[in-house]
Amino acid sequence: MSKVSTGAAVLRRAVARNGWHLWTGTALAGVYQLCAALVPILIGVIVDRGVATGEATALLVWIAVLAAVYLVLAVAYRFGARRLQRAIAAEGHQLRVELAARILDPRVLRTERHTGDLLAVTTTDAEYTSYLLDHIPRITSALVAVTVSAVALLLISTPLGLTVLIAVPAVLAILTRTAPLIARRVKDQQDQAGRATALATDLVTGLRPLHGIGAQDAGARRYRLVSRHSLAATLRASRTQNAYLGASTMLSSLLTGGVALMAGWFALTGRITVGQFITVIGSAQFLVEPFGVLAVVPSWTAAARPAADRVAAVLRADVVLPPGTAAPAATGCELRLTDVTYGPLAGLHLHVRPGEFVGVVAPRPADAEALARLLAVPAGHMGDVLLGGERLETVDRGRARHLLHSEPHRTDLFTGTLATNIALRDDAGQHDDDAGRLDQALRAAAADEVAHLHPEGLHMPVTERGANLSGGQRQRVALARALLAGAPLLVLHDPTTAVDAVTEQAVADGIRTLRHGADGGYGTVVITGSPTLLAATDRVVFVADGVVAAEGTHTDLVTHHDSYRRAVLR
């Protein structure tokens, strides 16, 4: 996928890659408006050549012509709209796929946007950008309608035709001057809405911890403040757009009304016939819609351009990690951190041997977060982080994810079933080997109890973010997913904070049995303060103030190290 540098480039690309459907649909839309513009002209001809003269043959002929025009109009509209809707839907889909792929790039997107803001770009802004493919045929067909009507009016009366040809550009020039103001206010509205969405996403995701520390009121106050800013920006943009729409409607109505009044005067003075008068009145009435379309063009551009700019900002963003080429072997895969400085970590040394179960205790939460984040995204640090003897940031990302799976404390579940959230496919269990591995992972994570509580078992529906599961159930399902991956080295960050003591013991025993039993041989790092999990490890590393303060078994450290004992037994 080639990068796009600006919003204008995104819009140009949208036109280029949907050219066939766009231009075919635009041509059919032009035919539709051509036929619609001919209707008042043909009615005037019928009056002059059939009704006024009393010639039945001429009347029938011109009525047949009018019927044929209506038929072409209906067919052009149907097939043109189908083409254009397909182009709009296809472009919106392609943009969403590209944005999602960019956001989920294994080399990690470098962006300061929060999750909610990225979600807004992937949905709302992608949709607004794809609407350009609706604007182009509307503008084109409106120009066709105005041109046909203007030519007809010129043929009927030169002053009437010149009035249309001069007044329309003048009205558009006046209205176009407001486009920069609309663009600024729409952009501000979209930015503020993105911030509100991002904060709402973060608050909902972290609602349980907020309740735990009693900070839900502070979070609600902060959201109200951000929401008020978003509301104010939305009202400013709406007022500007509504004022623009009112002005464009008023000017368009004045123009068409003026044309109608001129035609009435010309008919009374005998300069035009009755049929021509009907044509002028019908054309003036018909021109209200295309005039309105042309008048709101700046408003459409103002909405599409900022959205395309935000899409382009995500698509052109760099990635954090360089392209990796190293491919360490899966057997004997060890992890070694040497004199690592990263965030609060200050010269950290950590060695995890192949097949070893290591616990890491960090009383300061920032140390634990930094270590988990570093192993997931090895960038921005000093010192060496080696996986299988290779610098982790130079390992091919696909290979790195196969060898080292870092499961964060806060994981996401998705709409689907328990099976698709754990095995990532609905056919899990249809093959004996897959079924056996899935059962083992479920038992090790104590997630089999979650399935047993529901009549549908593994086919139990899961809503977005696992909202229909408790916090402990979500943790167990996420842990089962991580265990099923079977990575030679697994890093877990506080995997049991939301489960009870009995379940926690079952999880500790399950991890030990599955990954470090007779058929195991995997390496595991668990960053936790849980005595139950730590007691199941081979060795514990105690990190204080960003460095290793002590190492040993859990029992030895509890017995001989006061700081460790206070950290895990509080």
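1. Structural notes on empty space enclosed by the protein
Part 1 of the argument: Summed over all chains, the structure comprises 2 cavities of 30 Å³ or more.
Part 2 of the argument: Of the volumes computed, that of the second largest cavity is approximately 40 Å³.
Part 3 of the argument: Around the second largest cavity sit Leu 345, Leu 348, Val 360, Ala 362, Asp 367, Ala 368, Leu 371 and Val 543, which together line it.
Part 4 of the argument: Of all the elements in the fold, those that place two or more residues in the lining of the second largest cavity are β2 (345-352) and α13 (365-376).

2. Looking at the sheet that holds strand β11 (residues 539-544)
What holds strands together in a sheet is hydrogen bonding between their backbones, with the strands either parallel or antiparallel.
Part 1 of the argument: Ordered by their spatial adjacency, 6 strands build an open sheet running β6-β9-β10-β3-β11-β12, and the pairing between neighbours is mixed. Edge strands, defined here as strands with exactly one partner in the open sheet, are β6 (404-407) and β12 (547-552). Taken pair by pair, the neighbouring strands of this sheet meet at an average axis angle of 15°, ignoring direction.
Part 2 of the argument: Bridge analysis of strand β9 (residues 489-493) against strand β10 (residues 523-527) gives 5 bridges, and the strand direction is parallel. By the bridge assignment, Val 491 is partnered in β10 with Val 525.

3. Focus: the sheet that holds β2
Part 1 of the argument: Judged by pairing direction, the sheet is antiparallel, and its 4 strands sit side by side in the order β2-β1-β4-β5 without closing on themselves. The sheet terminates laterally at β2 and β5 (390-391), the two strands that pair on one side only.
Part 2 of the argument: As paired elements, strand β1 (residues 335-342) and strand β4 (residues 382-387) share 5 bridges and run antiparallel to each other. Of the residues in β4, the one forming a bridge with Thr 338 is Asp 384.
Part 3 of the argument: Against the sheet, α13 touches β1, β2 and β4, its axis set at about 120° to β1.

4. Side note on the pattern of salt bridges
Part 1 of the argument: The final tally for this structure, using the stated rule, is 17 salt bridges.
Part 2 of the argument: Where Asp 367 meets Arg 364, a salt bridge forms, and the shortest distance between an N and an O atom there is 2.9 Å.
Part 3 of the argument: Two residues, Glu 551 and Arg 539, come together in a salt bridge whose shortest N-O distance is 2.6 Å. Here Arg 539 lies in strand β11 and Glu 551 lies in strand β12, a separation of 12 residues in the sequence.
Part 4 of the argument: One connected set of salt bridges, linked through shared partners, spans Arg 13, Arg 17, Glu 91 and Glu 98.

5. Considerations on the packing of helix α2 (residues 19-51) against helix α3 (residues 56-103)
Part 1 of the argument: Between α2 and α3, whose axes approach to 7 Å, the crossing angle comes to 160°. Put simply, α2 runs roughly antiparallel to α3. The way α2 lies across α3 gives a crossing that is left-handed.
Part 2 of the argument: Looking at the contact of α2 with α3 residue by residue, the classes come out as 28 nonpolar, 6 polar and 3 charged.

6. Section: the packing of helix α18 (residues 471-485) against helix α19 (residues 501-516)
Part 1 of the argument: Direction vectors running N to C along α18 and α19 enclose 5°, while the axes themselves pass 12 Å from each other. Overall, the two elements α18 and α19 adopt an arrangement that is roughly parallel. Judged by residue contacts, Arg 476, Leu 479 and Leu 483 of α18 engage Thr 503, Val 507, Ile 511, Leu 514 and Arg 515 from α19.
Part 2 of the argument: Residues of the contact of α18 with α19, tallied by class, amount to 5 nonpolar, 1 polar and 2 charged.

7. Observations regarding the pairing of β1
Part 1 of the argument: Relative to β2, β1 is paired through 6 bridges, and the arrangement is antiparallel. Bridge assignment links Leu 337 to a residue of β2, and that residue is Leu 350.

8. Looking at α13
Part 1 of the argument: In a regular helix each residue adds 1.5 Å, so 12 residues correspond to 16 Å; α13 covers 17 Å between its end C-alpha atoms and thus fits that length.
Part 2 of the argument: Here α13 has its buried residues at Asp 367, Ala 368, Ala 370, Leu 371, Ala 372, Leu 374 and Leu 375.

9. Considering a nonpolar patch on the surface
Part 1 of the argument: Together, Ile 43, Val 274 and Ile 278 give the surface a local cluster of nonpolar side chains, amounting to about 230 Å² of exposed area.
Part 2 of the argument: Topologically, Val 274 is positioned in helix α10 (residues 274-286).

10. So, the pairing of β12
Each regular strand carries side chains that alternate between the two faces of the sheet.
Part 1 of the argument: Relative to β12, β11 runs antiparallel, the two being bridged by 5 bridges. Residue pairing in the sheet places Val 540 in a bridge with Gly 552 of β12.
Part 2 of the argument: What sits between the antiparallel neighbours β11 and β12 is a turn of 2 residues, in which Asp 545 has the positive phi angle 55°.

11. Section: the confidence of the model for the protein
Part 1 of the argument: Chain-level statistics for the protein give a pLDDT mean of 84 and a share of 86% at 70 or above.
Part 2 of the argument: Confidence drops under pLDDT 50 across residues 426-431; counting only partners more than four residues distant or on other chains, this segment forms 8 contacts.

12. Here's the deal with the nonpolar core
Part 1 of the argument: If you look at the biggest cluster of nonpolar residues, it comprises 33 residues, and the most contacted ones within it are Leu 160, Val 164, Val 259, Val 280, Phe 286 and Phe 291.
Part 2 of the argument: Among the elements of the structure, α2, α3, α5 (132-156), α6 (158-176), α9 (216-268), α10 and α11 (288-295) are those that each provide at least two residues to this core.
Part 3 of the argument: The element best represented in this core is α5, accounting for 8 residues.

13. What to know about unusual backbone geometry
Part 1 of the argument: Positioned with a positive phi, Val 108 is a non-glycine residue whose angle comes to about 70°.
Part 2 of the argument: The topology assignment puts Val 108 in the loop between α3 and α4 (115-130).
Part 3 of the argument: Positive phi, normally seen in glycine, also occurs at Asp 494, with a value near 45°.
Part 4 of the argument: Tracing the backbone shows Asp 494 in the loop between β9 and α19.
Part 5 of the argument: Under the relative-accessibility criterion, Asp 494 is labelled partly exposed at 21%.

14. A look at the environment of Arg 110
Part 1 of the argument: The residue Arg 110 is located in the loop between α3 and α4 in this model.
Part 2 of the argument: Between the C-alpha atoms of Arg 110 and Leu 321, which are 211 residues apart in sequence, the distance is 9.1 Å.
Part 3 of the argument: The contacts of Arg 110, once residues within four sequence positions are left out, are Ala 317, Asp 318, Val 319 and Val 320.

15. Regarding the environment of Leu 386
Part 1 of the argument: Among the secondary structure elements, Leu 386 is positioned in strand β4.
Part 2 of the argument: In this structure, the C-alpha to C-alpha distance between Leu 386 and Cys 333, residues 53 residues apart in sequence, is 9.9 Å.
Part 3 of the argument: Ignoring any residue separated from it by four or fewer positions in sequence, one finds Leu 386 in contact with Glu 334, Leu 335, Arg 336, Arg 391 and Leu 392.

Rules used throughout
- Residues numbered from 1 in each chain as written.
- Predicted model: local features only at pLDDT ≥ 70, side-chain atom pairs only at ≥ 80, totals over all residues.
- Heavy atoms only, no water.
- 1 Å grid on protein atoms, 1.4 Å probe; cavity = no way out; pocket = protein on both sides within 12 Å on 5 of 7 lines; lining within 4 Å.
- Points joined across faces, edges and corners; volume = space filled by probe spheres on them.
- Helix = DSSP H or I, 4+ residues; strand = E, 2+ residues; numbered from the N terminus.
- Pairing = 2+ DSSP bridges.
- Axes fitted to C-alpha atoms, helices over the stretch in contact; angles between N-to-C directions.
- Contact = heavy atoms within 4.5 Å.
- Salt bridge = Lys/Arg side-chain N within 4 Å of Asp/Glu carboxyl O.
- Parallel < 35°, antiparallel > 145°, perpendicular 65-115°, else oblique.
- Left-handed = near helix turned anticlockwise from the far one by under 90°.
- Nonpolar A, V, L, I, M, F, W, Y, C, P; charged D, E, K, R; others polar.
- Expected span 1.5 Å × (residues − 1).
- Buried < 20%, exposed > 50% of the residue type's maximum accessible area, 1.4 Å probe, protein only.
- Patch = residues over 30% accessible without salt bridge, like charges linked within 9 Å, V, L, I, M, F, W, Y side chains within 5 Å.
- Areas by Shrake-Rupley, 256 points an atom, 1.4 Å probe, with all protein chains shown as cover.
- pLDDT = per-residue confidence, 0-100.
- Core = buried A, V, L, I, M, F, W, Y, C linked by side-chain atoms within 4.5 Å.

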